[in-house]
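Coordinates in review
Letter by letter, the chains look like this.
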Amino acid sequence: MIQFDHVVKQYGKGGVRAVDDLNLTVEKGKVFGFIGPNGAGKTTTIKLLTGILRPTDGRILIGGRDMAQEPIEAKRLIGFVPDSHEMYDRLTGLEYLRFMADIYGVDSEARKAHVEKYLALFELEDAAGEQIRSYSRGMKQKLTIIGALIHNPPVWVLDEPMVGLDPRAAHILKQEMRRHCDEGNTVFFSTHVLEVAEKLCDEIAIIDRGRVVAQGTLEELRSGESSASLEQLFLKLTEDEA
């Protein structure tokens, strides 16, 4: 479903490679965790995956669609939740969701079902008629998630999606991520909360200095160290690369 093929992102002529020859495949039905230290290249990778940045070299495929050659078709397959809230603060929550549905051409019946389901799940029904500028950080995060997934995309790309969420909302999101993949879809998400990645992910990649230093299931990453936690493995792998 997702494929990075020798992807390079270099800033400036002869400058630092934020992403260095990245080869990565994420299959359908997988919750895929993408973790690394600050400055390791996670955000750049996600911006490449979602078409915000163009690679210096290599190609990225989403469901067989080349992000550089077929950007509109590839982006339609993605629901992207960024790590910041760049929203239209003077719209109400409902107006924002209608706007997102219009962008993706979601019909009235499908949008109604989606909005009603997720406003109830995330307990935003009472706030939906209020302007977004009155929302807390957590409420904005919930609204961003609802809007990003309104077109029922097969690929969810979530950048630190739990930040700002209360424990109940975080639990609901994790359940929805699992359900989405159990239906044969894909979730690609980054997180600094390693306990969440350890419990939720089918597969994990650790990036450091623009390169993937390890990839696989938790058992594969342990490589004989059967009792090692993801945190211990993360510290060891990124320390060894330092």
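Residues numbered from 1 in each chain as written. Predicted model: local features only at pLDDT ≥ 70, side-chain atom pairs only at ≥ 80, totals over all residues. Heavy atoms only, no water.

1. A look at a nonpolar patch on the surface
Residues Y88, F99 and I103 make up a contiguous nonpolar surface patch of about 300 Å² in total accessible area. Position of I103 among the secondary structure elements: in helix α3 (residues 93–104). Residue classification places I103 among the partly exposed residues on the basis of a relative accessible area of 47%. (Patch = residues over 30% accessible without salt bridge, like charges linked within 9 Å, V, L, I, M, F, W, Y side chains within 5 Å. Areas by Shrake-Rupley, 256 points an atom, 1.4 Å probe, with all protein chains shown as cover. Salt bridge = Lys/Arg side-chain N within 4 Å of Asp/Glu carboxyl O. Helix = DSSP H or I, 4+ residues; strand = E, 2+ residues; numbered from the N terminus. Buried < 20%, exposed > 50% of the residue type's maximum accessible area, 1.4 Å probe, protein only.)

2. What about the nonpolar core?
Ranked by size, the top nonpolar core spans 50 residues in total, and within it L97, L143, M177, F189 and L230 carry the most contacts. For this core, the element with the most residues is helix α6 (residues 167–182), which contributes 6 residues. Among all residues touching F189, those that are not within four sequence positions of it are V31, F32, G33, F34, L158, P161, M177, V196, A197, L200 and C201. (Core = buried A, V, L, I, M, F, W, Y, C linked by side-chain atoms within 4.5 Å. Contact = heavy atoms within 4.5 Å.)

3. Some details on the packing of aromatic side chains
Applying the stated criterion across every chain, the model contains 4 aromatic pairs. On the basis of an interplanar angle of 15° and a centroid distance of 5.5 Å, the ring pair of F32 and F188 is categorised as stacked. Of the two residues, F32 is situated in strand β3 (residues 31–35) and F188 in strand β8 (residues 186–190); the sequence distance between them amounts to 156 residues. Grouping residues by exposure puts F32 and F188 together as buried. Between Y118 and F122 the ring centres are 6.3 Å apart and the planes differ by 25°, which places this aromatic pair in the stacked class. (Phe/Tyr/Trp six-rings, centres within 6.5 Å; stacked < 30°, edge-to-face > 60°.)

4. Considering the sheet that holds strand β4 (residues 57–62)
Here we have 4 strands laid out as an open sheet, ordered β2-β1-β4-β5, and antiparallel in their pairing. Both edges of this open sheet fall to β2 (17–26) and β5 (65–66), since each of them pairs with a single strand only. Here β4 pairs with β5 via 2 bridges, running antiparallel. Bridging across to β5, I62 finds its partner in R65. The sheet contacts of helix α1 (residues 42–49) involve β1 (2–10), β2 and β4, and relative to β1 the element is tilted by about 120°. (Pairing = 2+ DSSP bridges. Axes fitted to C-alpha atoms, helices over the stretch in contact; angles between N-to-C directions.)

5. Things to note about the pattern of salt bridges
Within the structure shown, the criterion is met by 15 salt bridges. Its salt-bridge partner being R17, residue D20 comes within 2.9 Å of it at the nearest N-O pair. Look at D20 and you get buried, because its relative accessible area is 15%. Judged by relative accessible area, R17 falls into the partly exposed class, the value being 38%. In this structure, R111 and D102 form a salt bridge, with 2.9 Å as the shortest nitrogen-oxygen distance.

6. Side note on α6
The first and last C-alpha atoms of α6 sit 23 Å apart over 16 residues, in line with the 22 Å expected at 1.5 Å per residue. All buried positions along α6 are accounted for by A169, A170, I172, L173, E176, M177, H180 and C181. Buried residues of α6 fall within an arc of 165° about the axis and therefore sit on the same side. Of the residues in α6, the exposed ones pointing more than 90 degrees away from the buried face are P167, R168 and D182. (Expected span 1.5 Å × (residues − 1). Arc of directions from axis to C-beta.)

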